[in-house]
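This is what each chain is made of:
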Amino acid sequence: MALDTTPKGWRSWVRYALLIVMAIIILFPIYTTIVASLKPGNRVLRNPLVPDSFTLDVLGDAWTQGRLGRYLWNSAVVAVIVTAFQLITSIASAYAFSFLRFPLKRFFFAIFMATLLVPFEVTLLINRRTVDSLGWLNTYQGLAVPFLATAFGTFLLRQVFMQIPKDLNEAASMDGLGHWGFMREVAVPLVRPTLGALGLFSFLASWNQYLWPTMITTEDDMNTIQSGLRLLRSSDLDKPNLIMAGTIIAAVPILVVLVVFQRQLVRGLTAGAVKG
Amino acid sequence: MNMRTTKTRKNAAFVALMAIAVSACGGGGGSIVDSGTTEAPATSDGGSSTEAPSTSAAPLSELPPCDPTALDGADGTVELTFWHGMNGELEKSLVALTDEYNASQTKVKISLENQGGYEQTLDKYLQSGSGSLPDLVQAPEYAVQVLNDTDSNVPVGACIEADAYDTSDFQAKALDQYFTEGVQWAMPFNVSDPVLYYNKKAFEAAGLDPETPPTSLEELRTMSQTIVDSGAAAFGLALDTGADSGGGWFLEQWFAKLGEPFSDNDNGRTAPSTKVLFDNQTGVDLLTELQSLVDDGLAYNVGDNASGQDALLKLADPDKPAAMTIATSAALGTVLSVVAAGTIAGVGVNDIGVGPMPGPGGAPGAIVGGASLWIVDNGDAVKTAASWDFVKFLVSAQTQSTWAAATGYVPVRSTALDLDPVKTTYAEDPRFRVAYDQLGEAADSPASVGAILGPQREIRNITAQAIATILQGAQVDTTLKAAANAANSLLADYLASNG
Amino acid sequence: MSGATKRRWRDVPLAAVMLGPSLVVLVAFVLYPLGRAVWLGQQRCNVQATKCRSVGWGQYTDVLMSNEFQSAVWVTVKFALITVPVGLALGIGLAVLADKHMRHIGFFRTVFSSTVATSVAVASLMWLFLLQPSVGVLANIGWLNDIFPVIKEPGLLNDKGTALSSVAISSIWANLGFTFIIITAGLQGIPRELQESAFVDGAGGWRRFTNVTLPLLGPTLLFTTVVLTSRAFQAYGEIDLLTNGGPVPQQSTTTVTYLIYGSSSIIKSNEGLKAAVAVLLFVILLGLSALQFRGLGKRVHYGS
């Protein structure tokens, strides 16, 4: 920038210094966790900041003892099911609200939007019983079904659909394309970027569920990584390095997902902000 | 009552934001448990005399039956689910025992399901419909009344009777904990009681005899004084106010030690308790002494024991350690393995001493902690018989010997002491025997067995809060009175809802 | 049948197919339980909640007036008042700091977004290991304990003065990645020319920030505020793992959600009271979002 006439030197030094200080603060908990998970039990309390001894045994123990592999698998299965269904149900209902004519449309839309205002914590109590009476405790459907539809996704996609000119839809039906054809050829391609964002949003929200899986899981085989970490926590605080190793293992897969889908992440998390 | 301190700070700037909540502020709210009850809650001060509820004990004939022979007619393997709350080393030992049982025969196969702790086990049990219940559940000692009221169990007494099972060598205290209104509801499995853990090196450094820990509250005070004065440790005693530990023990255990009832209707054993009695002079005296131990710098309060082991870890504090703490005997195995790993600098396995829990007058005796086995009534005689078979295995003398040696729990029957490994363990390491002896020495009266209360867990939270408040300097008698009132409200509501 | 009516009804089967699944899920798992909870809130139940009796709608006002509920609301509000402004300020600060093309900036951006990979369980356990008074990291750094003895005695999570702030710090940390990413994206959406023309007009750095950048970030900041607020009001996992609602006796970290679901809650086996508290939480959040939307005059929606 030619306009910039300020003495650049010290300014960028200050900026670097600030960046480094903030980075150290933010990385501190992660650093101590990694250090602890690489230390044998008898060394954890000494020099907690210095990686003065090294072993992979603790990570191995956490993996086998805590059955973290199974928990991660369960979380992945549930998150993928939830994401897939949320995308499909959102497209379908957003399409219906945008392009179909049917009675009581506004009423139904109001119902959808009303659900946005109900925090999940309020419904958990009753949902626990519903899922129980359906025989779905300790099942993937129990973990996933309450989250298969999202008014948020419906709203988001409808915002995009509404930008498609009505004539385009009329013309398509003239051409005999029909609604399914129009959806496939025009509507869905148009919202593809939003879908990526919504998908990642759904995936993260499902992956991070804590209260629900701890409530409806009574079999170890069906714990998710979050409820599994809770089990590990109640196991033994006298082995902090074991718990730390568990958290590292739990964090790595999602880190990989985020690195791979970094662009969708930014769009996903900001999806709500751009739409007004 | 307990939340009063926050009320004064209510008039902050964002009143508008929280208009709903604050509008109620001026009214001076009561406890949440009194909500919706139009009649005044029962108070412990004279007014509402306890009309004794019908003491009609539920005879076994009216309860779900147990037919141990049903297993003989079963075709194929009976698969059972067992919910438990054992973690860490305890879980490993339980898994090993269960594997042994499953391998030893083909009629019954047990699947263990860890629910993460007693609390979670109980919560999930209560929330689940009858179709989602396990076949067998491990429930803590404070859940007796609650589980009775679910009407979802086959009392083990029915199996004991039908099987002519000999319980003469059982620890009477352990069985009695799960015996109320004339019925043996559950089988004690993992029995523990609070014991004193102490650092022998600190005792030596203070010039005390490392083999003679304090037994009375007076000795606790003088020895703590010696330890602190000599600089052998920063504090004599580390204590906690957790509902599962100190916060429950200091009143319940000490009342039992003194033979004083904790609640009415013979500690809830002839009929459900309707009010608590801990706010009497005995309670005031005990907590006044505890308070002064802390005030005088002799005891250190680690708080509500969120980690479950905060008080024990205070012994390992490299900077300001305590020389003694009171913790469950079930932690002994863990403590020794942690010490063996070198976690506490300069303290070896043999430097850890164990003694009976000190208490008023130095009288021996403790009430039972830990948990028991409950057979779930699934309306299936074969499953009931299979569950009973596994229960018998878990409380057999040999299993109890193995279990006790591995964990520090107390064998529920005396014949287990004649068998290895616990025979050797007790001979070689008498520390493991302290909790067993402490239990056996107890006198056998309803007052010394401890109380059974409907909302027992919640009432422990209340006493734990009261003790915590007192240790922070609150006035003892009024704090205890308020706690008793809250507890009585809970009891009244519980009886109205579950009667 | 007229043509218009025909067209009005023609799409009905298709609409049923498309809306049906969502409608079933939302009604069964959001609206029905809400209705049930409202009804349950005026009842008292046995321990299994299989037998309930009505005690009257007055139970709601009684709960509202009760010490425990007011304390929990107060704790929740304090928690939100710490986590939201601090989280927002840190997010803005970091985003502005990293919003410059310079060497290694990619590294710093990755670091600042990194906590988005931690779930509430992961983040809370990391902080537990930092803060625990005996085996925790901070408690084993000698000089730090000399300056702040509270780290060890009684411990940041056990002291009634520091417990809530400590949980809040863990929560702010866990949300920081999210906040940073959103605000960074918002910054990048601001046209450079606006900044530059303000510069030409002679506006200094700070004035450029307050007069140009902040207003243009408005929708982003509103969205972030709404999300952070709703997270604060629904905080559960961090409390469950770090403090169990304690320290007693003040119940310094028993938030409304923890009062309903926490294992040390005094109403844990009382389904009717739990429902009443849950419904009141809903009403509070409803009022809060109405305030937020109206106050900032912009329509922004956030997800579940």
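All figures in this text were calculated on a predicted structure; none of them were measured in a lab.

As for the interface of chain B and chain C
Interfaces are frequently sized by the accessible area removed from exposure as the parts join. Each side of the interface is counted separately: chain B has 62 residues, and chain C has 58 residues. Taking both sides of the interface into account, the surface hidden between chain B and chain C amounts to around 5,200 Å²; carbon and sulfur atoms contribute 56%. On the surface where chain B and chain C come into contact, there are 4 salt bridges. Elements represented by at least two residues in the side of chain B that touches chain C include exactly α1 (4-7), α2 (19-23), α4 (118-127), α5 (144-150), α13 (310-315), α20 (456-471) and α21 (476-498) of chain B. In terms of residue count, the dominant contributor to the side of chain B that touches chain C is α20 of chain B (7 residues).

Notes on the pattern of salt bridges
The final tally for this structure, using the stated rule, is 27 salt bridges over all chains. With a closest N to O distance of 2.3 Å, R460 of chain B and E141 of chain B form a salt bridge. Placement of R460 of chain B in helix α20 and of E141 of chain B in the loop between β3 (136-140) and α5 is noted, with a sequence separation of 319 residues between them. You can call R460 of chain B buried: its relative accessible area is 10%. A relative accessible area of 9% means that E141 of chain B is categorised as buried. Three or more residues are tied together by salt bridges with common partners; here these are E119, D123, D244 and R457 of chain B together with K268 of chain C.

Considering the pairing of strand β9 (residues 235-239) of chain B
Residues and elements named next belong to chain B. Summarising burial for β9: 5 of the 5 residues are buried, a large majority. Relative to strand β11 (residues 322-328), β9 runs parallel, the two sharing 3 bridges. Bridging across to β11, A238 finds its partner in T325. Summarising the sheet, β9 and strand β10 (residues 299-301) pair through 3 bridges and their orientation is parallel. Bridged to A238 within β10 is Y300.

Things to note about the side chain of T179 of chain C
All names here are of chain C. Along the polypeptide, T179 turns up in helix α8 (residues 163-188). Since its relative accessible area comes to 1%, T179 is described here as buried. With near-sequence residues (within four places) excluded, T179 lies in contact with G87, L88, G91, T224 and L228.

Concerning the UniProt feature "transmembrane region" (unreviewed entry) in chain C
Residue and element names in this part refer to chain C. Following the UniProt record, one finds the feature "transmembrane region" (unreviewed entry) at residues 12-32, 72-98, 110-130, 163-187 and 275-293. Across residues 12-32, the secondary structure splits into 100% helix and 0% strand, with the terminal C-alpha atoms separated by 24 Å. Along residues 72-98, the helical share is 100% and the strand share 0%, with 38 Å between the first and last C-alpha atoms.

Description of helix α9 (residues 217-230) of chain B
Residue and element names in this part refer to chain B. An ideal rise of 1.5 Å per residue puts 20 Å on 14 residues; α9 measures up with 20 Å between its terminal C-alpha atoms. Regarding α9, the residues found buried are L217, L220, M223, S224 and I227. Taken around the axis of α9, the buried residues stretch over an arc of 130°, which confines them to a single face. In this structure, α9 carries E218 and D229 as exposed residues pointing more than 90 degrees from its buried face. The inward-facing, buried residues of α9 abut α8 (200-205), β9, α10 (246-257), α12 (281-295) and β11. G231, located one to two residues past α9, shows a positive phi value of around 80°.

Things to note about the domain arrangement of chain C
All names here are of chain C. Domain boundaries assigned for chain C yield domain 1 (1-40) and domain 2 (58-296). Relative placement of domain 1 and domain 2: their C-alpha centres are 37 Å apart. In this assembly, 4 residues from domain 1 lie in contact with 6 residues from domain 2. Where domain 1 abuts domain 2, roughly 430 Å² becomes buried across the two surfaces, and 75% of that area is made up of carbon and sulfur atoms. Counting the surface domain 1 buries against domain 2, the share from its top three residues, L34, V38 and L40, is 81%. Between the two partners, domain 1 and domain 2, sit 0 salt bridges. Scanning the region where domain 1 abuts domain 2 turns up 1 residue pair in polar contact (both at pLDDT 80 or more). The class makeup of the residues in the side of domain 1 that touches domain 2 is 4 nonpolar, no polar and no charged.

Observations concerning the UniProt feature "transmembrane region" (unreviewed entry) in chain A
Residue and element names in this part refer to chain A. The sites that UniProt annotates as "transmembrane region" (unreviewed entry) are residues 16-38, 71-95, 107-126, 138-157, 190-212 and 242-261. Structurally, residues 107-126 is divided into 80% helix and 0% strand, and its ends, taken at the C-alpha atoms, are 25 Å apart. The straight-line gap between the two end C-alpha atoms of residues 190-212 is 34 Å; of that span, 87% is helix and 0% is strand.

Considerations on the pairing of strand β1 (residues 78-84) of chain B
The two faces of a sheet get side chains in turn, since along a regular strand they alternate between them. Residue and element names in this part refer to chain B. Buried residues dominate β1, accounting for 5 of its 7 residues. The pairing of β1 with strand β2 (residues 108-114) spans 7 bridges and is parallel. Of the residues in β2, the one forming a bridge with F82 is L112. Where the polypeptide runs from β1 across helix α3 (residues 88-104) and back to β2, its parallel neighbour, the crossover connection is right-handed. The pairing of β1 with β3 spans 2 bridges and is classified as parallel. What sits directly across from F82, in β3, is L136.

Points about the confidence of the model for chain A
Residue and element names in this part refer to chain A. Averaged over all residues, the pLDDT of chain A is 84; the fraction at 70 or higher stands at 88%. Taken element by element, chain A is modelled with least confidence in helix α13 (residues 262-274), mean pLDDT 59, and with most confidence in helix α6 (residues 140-144), mean pLDDT 96. Contacts of residues 1-5 to residues separated by more than four positions or lying in other chains number 3 contacts, the stretch itself having pLDDT below 50. Within the model, pLDDT remains below 50 along residues 272-276, and this stretch shows 11 contacts once partners closer than five positions in the same chain are excluded.

Let's talk about unusual backbone geometry
Outside of glycine, negative phi angles account for most residues, and trans bonds account for most peptide bonds. Each neighbour pair has its own omega, and for D420 of chain B with P421 of chain B the value is 10°, a cis peptide bond. Its place among the elements puts P421 of chain B in the loop between α16 (397-407) and α17 (422-428). Residue H104 of chain C is not a glycine yet carries a positive backbone phi of 65°. With respect to the secondary-structure elements, H104 of chain C resides in the loop between α4 (67-98) and α5 (105-113). On the accessibility criterion, H104 of chain C (52% relative accessible area) is exposed.

Observations concerning the sheet that holds β10 of chain B
Residue and element names in this part refer to chain B. Ordered in space as β10-β9-β11-β8-β12, the 5 strands form an open sheet in which the pairing is mixed. A strand with exactly one partner marks an edge of an open sheet, and here the two such strands are β10 and β12 (352-356). Averaged over all adjacent pairs, the angle separating strand axes in this sheet is 30°, with direction ignored. For strand β8 (residues 194-199) and β12, the ladder comprises 5 bridges, and the chain directions are antiparallel. Residue pairing across strands places L196 opposite G355, the latter belonging to β12. Its contacts with the sheet put helix α14 (residues 332-340) on β8, β11 and β12, and the angle it makes with β12 is roughly 165°.

Calculation criteria
Residues numbered from 1 in each chain as written. Chains lettered and ligands numbered in written order. Predicted model: local features only at pLDDT ≥ 70, side-chain atom pairs only at ≥ 80, totals over all residues. Heavy atoms only, no water. Contact = heavy atoms within 4.5 Å. Buried area = accessible area lost by both parts, 1.4 Å probe. Salt bridge = Lys/Arg side-chain N within 4 Å of Asp/Glu carboxyl O. Helix = DSSP H or I, 4+ residues; strand = E, 2+ residues; numbered from the N terminus. Buried < 20%, exposed > 50% of the residue type's maximum accessible area, 1.4 Å probe, protein only. Pairing = 2+ DSSP bridges. UniProt positions renumbered as here; feature names shortened; annotations may be inferred. Expected span 1.5 Å × (residues − 1). Arc of directions from axis to C-beta. Domains from an automatic or database assignment. Polar contact = N/O pair within 3.5 Å; in protein donor to acceptor, adjacent residues only side chain to side chain. Nonpolar A, V, L, I, M, F, W, Y, C, P; charged D, E, K, R; others polar. Right-handed = clockwise from strand over helix to strand, strands pointing away. pLDDT = per-residue confidence, 0-100. Axes fitted to C-alpha atoms, helices over the stretch in contact; angles between N-to-C directions.

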